[in-house]
Amino acid sequence: MDRELELNSLDRYVKSSPRYVLEEHSHCEVPAGCGGVVLRWRDRFTSIPVEVAVAVAGEARLDARVDNEKPPSVRPLLAPGRHVLMVAVEPGSAVLVWVTTPEVSDPLLWTPGPAGAWRFTTEEPAPAAWTDPDFDVGSWPVAVPVPVPDETGTRYSVRYLTGKGAGAVAAPDAVQAVWYRGVFDVPAPE
């Protein structure tokens, strides 16, 4: 029996479906206590929640994009397949990245990762080119693993990512600005 959810059917009140997942989208926890939860139905075959966490060590401006779009949250919904994560940092600084899905125990992309997982350039790339997963970055230098700053007052985001096991990568020399690029695959659900 096909149990697709339809707008004007009793199925929209059912809390289980073979195709759709009912999940918490956001919540409100304030001292005054509204305690509300926003739920949403998600098609588990076409939209996978992916945790995308990016932090920069030190004081720098950070611009992170997935497929050249700013993620609307730290858990954007992505289609199964190959995606490009782009991170621009000014001034050039070490960056930490963690990308995973709830269904996968190992991270899809993290730093320092396998050799060549992160490439960078110090010249701003054309947006149309470097957002393509098949764009050839073979001539770009490989970002090198660097120690994560271990100093008092290190930002929460850096501590959060190092707690998950992420390392840091950086351009080998001090630069004014750097553009990092990594490619990852979101697996299709079984």
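Described in the following lines is the structure provided in the data block. (Residues numbered from 1 in each chain as written. Predicted model: local features only at pLDDT ≥ 70, side-chain atom pairs only at ≥ 80, totals over all residues. Heavy atoms only, no water.)

### Details of the pattern of salt bridges
Link 1 in the chain: A complete count under the given rule lists five salt bridges for this structure.
Link 2 in the chain: Linking Glu90 and Arg61 is a salt bridge whose minimum nitrogen-to-oxygen distance equals 2.6 Å. Pair noted here: Glu90 is in strand E7 (residues 81-90) and Arg61 is in strand E5 (residues 61-66), with a separation of 29 residues, a long-range link.
Link 3 in the chain: Since its relative accessible area comes to 46%, Arg61 is described here as partly exposed.
Link 4 in the chain: Measuring nitrogen to oxygen at the nearest pair gives 3.0 Å for the salt bridge that ties Asp63 to Lys70.
Link 5 in the chain: Each of Asp63, Arg65 and Lys70 takes part in salt bridges that share partners, so that together they form one network. (Salt bridge = Lys/Arg side-chain N within 4 Å of Asp/Glu carboxyl O. Helix = DSSP H or I, 4+ residues; strand = E, 2+ residues; numbered from the N terminus. Buried < 20%, exposed > 50% of the residue type's maximum accessible area, 1.4 Å probe, protein only.)

### Comments concerning the packing of aromatic side chains
Link 1 in the chain: Applying the stated criterion to the full structure yields four aromatic pairs.
Link 2 in the chain: Consider the rings of Phe120 and Tyr180, whose centres lie 6.3 Å apart with planes at 50°: the pair is tilted. Of this pair, Phe120 sits in strand E10 (residues 119-121) while Tyr180 is found in strand E13 (residues 178-186), placing the two residues 60 residues apart along the sequence.
Link 3 in the chain: Between Trp130 and Trp140, the aromatic rings sit 6.1 Å apart at their centres with planes inclined by 45°, giving tilted as the arrangement. With Trp130 in helix H1 (residues 127-130) and Trp140 in the loop between H1 and strand E11 (144-146), this residue pair connects regions lying ten residues apart in the sequence.
Link 4 in the chain: Since its relative accessible area comes to 7%, Trp130 is described here as buried.
Link 5 in the chain: Residue classification places Trp140 among the buried positions, given a relative accessible area of 11%. (Phe/Tyr/Trp six-rings, centres within 6.5 Å; stacked < 30°, edge-to-face > 60°.)

### Looking at the pairing of strand E4 (residues 51-56)
Link 1 in the chain: Burial analysis of E4 places six of its six residues in the buried class, which makes it a mostly covered element.
Link 2 in the chain: Burial along E4 is two-sided: Glu51, Ala53 and Ala55 facing one way and Val52, Val54 and Val56 facing the other are all buried.
Link 3 in the chain: Relative to strand E8 (residues 95-100), E4 runs antiparallel, the two being bridged by six bridges. When the bridges of E8 are listed, Glu51 appears paired with Thr100. (Pairing = 2+ DSSP bridges.)

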